[in-house]
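# Residue-level structure breakdown
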Amino acid sequence: MIGRYVLMGVSGCGKSSVGLQLSRVCGIDFIDGDDLHPQANITKMAQGEPLTDADRAPWLADVGRALGRSTSPTIIGCSALKRAYRDIIRSHLPEPVHFLHLHAGQEVLEARVAARVGHFMPPSLLDSQFAALERLGRDELGREIDISRPFNEVIAQSEAYVKETMK
Ligand SMILES: Nc1ncnc2c1ncn2[C@@H]1O[C@H](COP(=O)(O)OP(=O)(O)OP(=O)(O)O)[C@@H](O)[C@H]1O
Ligand SMILES: O=C(O)[C@H](O)[C@@H](O)[C@H](O)[C@H](O)CO
């Protein structure tokens, strides 16, 4: 079985930075799901407008297909905020997919996105990100990682999960 992982969570939770470092320490591939967004979605977010379910559906299918094409263990960063979005990703994969939810309270994320420069996503969209967010259900494969902890601890906890489940 090929280990397939989605690093999920709201804007600024660390999908890119944690994903890249986690892929290095685990020696597995990383895809940034933001690179799969159609330009129309990026433009919409950059203009301060939240994406709708309809905007996200084709992109989530692309994320599922990209993960499904992988022939070796792979991590993909993708917000996957709602259970229905995770269902779309799951529907494109023959095998179980693990969701690692990089999670913290809104105040932690507000400070991080405010400090970030040169990113297309405006901090004003964080309210809508949290409004859409549905945490993992008990029956969903994965783990919630507390990202209020220092970066190295987030990596260590995520790495432990990946190594445990790739056996
Ligand atoms: N555990 C951490 N402690 C402190 N800062 C962190 C931690 N994890 C990530 N960061 C910082 O938070 C910011 C947001 O991280 P990053 O850009 O990786 O998030 P993201 O989820 O990919 O965001 P987006 O989806 O909006 O592109 C970055 O400046 C990153 O360096
Ligand atoms: O579903 C969404 O609204 C998007 O995927 C966002 O979460 C961003 O792409 C990302 O976080 C960049 O800031």
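Scope of this entry: the structure provided in the associated data block. Here the structure is a predicted model, which is why all the values come from computation and not from measurement. (Residues numbered from 1 in each chain as written. Chains lettered and ligands numbered in written order. Predicted model: local features only at pLDDT ≥ 70, side-chain atom pairs only at ≥ 80, totals over all residues. Heavy atoms only, no water.)

## Quick word on helix H4 (residues 83-91)
Threshold: Note on classification: 1.4 Å probe, protein chains only; a residue is buried when its accessible area is under 20% of the maximum for its type, exposed when over 50%, partly exposed between these limits. The way it works is that DSSP assigns letters per residue, a run of H or I at least four long becomes a helix, a run of E at least two long becomes a strand, and they are numbered from the N terminus. Taken from the helix axis, the directions to the C-beta atoms give the arc we talk about. Contacts were defined at the residue level, with two residues in contact if any of their heavy atoms lie within 4.5 Å.
Buried within H4 we find Tyr85, Arg86 and Ile89. All buried residues of H4 fall inside an arc of 100° around its axis, so they share one side. On its buried face, H4 is in contact with strand S1 (4-8), helix H3 (53-69) and strand S4 (98-103).

## A closer look at the state of the cysteines
Our working rule: In what follows, a disulfide is any cysteine sulfur pair within 2.5 Å.
Counted according to the given criterion, the structure contains 0 disulfides. Free of any disulfide, Cys26 has its nearest cysteine sulfur in Cys13, 17 Å distant. Take Cys78: it sits in no disulfide, and the sulfur closest to it among the cysteines is that of Cys13, at 10 Å.

## Observations regarding the side chain of Arg86
Short version of the rule: Between N or O atoms, a polar contact is any pair within 3.5 Å; within protein, one atom must be a potential hydrogen donor and the other a potential acceptor, and residues adjacent in sequence are included only when both atoms are from side chains.
Counting through the fold element by element, Arg86 comes out in helix H4. Among the polar contacts made by the side chain of Arg86, one reaches the side chain of Glu140 at a distance of 2.8 Å. Excluding residues within four positions of it along the chain, Arg86 makes contact with Met8, Ala80, Leu81, Phe99, Glu134, Arg135, Leu136 and Glu140.

## Comments concerning helix H2 (residues 39-46)
Of all the residues in H2, the buried ones are Asn41, Ile42, Lys44 and Met45. The arc enclosing the buried residues of H2, seen along the axis, measures out at 160°, which places them on a common side. Across H2 from its buried face, at more than 90 degrees, point the exposed residues Gln39 and Ala40. Downstream of H2 by one or two residues, Gly48 has phi in the positive range, about 85°.

## Some words on the packing of helix H1 (residues 15-26) against helix H7 (residues 151-166)
How two helices pack is summed up by the angle between their axes together with the distance between the axes. Cut-off, in case you're wondering: Every axis corresponds to a line fitted to the C-alpha atoms, with the helix fit spanning only the stretch in contact, and the corresponding angles, defined between N-to-C directions, vary from 0 to 180 degrees. Relative orientations are named as follows: roughly parallel for angles under 35 degrees, roughly antiparallel for angles over 145 degrees, roughly perpendicular for angles from 65 to 115 degrees, and oblique for any other angle. Two helices crossing with the near one rotated counterclockwise from the far one by less than a right angle form a left-handed crossing, whereas a clockwise rotation gives a right-handed crossing. Ten residues, namely Ala, Val, Leu, Ile, Met, Phe, Trp, Tyr, Cys and Pro, are considered nonpolar, four, namely Asp, Glu, Lys and Arg, are considered charged, and the remaining ones, Gly among them, are considered polar.
Relative orientation of the contacting elements H1 and H7 amounts to 55°, with a least axis distance of 10 Å. With respect to their mutual orientation, H1 and H7 come out oblique. The interaxial crossing formed by H1 with H7 has right-handed handedness. Across the interface between the two elements, Ser17, Val18, Gln21, Leu22, Val25 and Cys26 from H1 touch Phe151, Val154, Ile155, Ser158, Glu159, Val162 and Lys163 from H7. Here the residues of the contact of H1 with H7 sort into 8 nonpolar, 3 polar and 2 charged.

## A few points about the packing of H3 against H4
Between H3 and H4, the least distance of the axes is 8 Å, while the angle of their chain directions is 35°. For the element pair H3 and H4, the recorded crossing hand is right-handed. The residues of H4 that touch H3, namely those facing Asp53, Arg56, Ala57, Leu60, Ala61, Val63 and Gly64, are Tyr85, Ile88 and Ile89. When grouped by side-chain class, the residues that make up the contact of H3 with H4 number 7 nonpolar, 1 polar and 2 charged.

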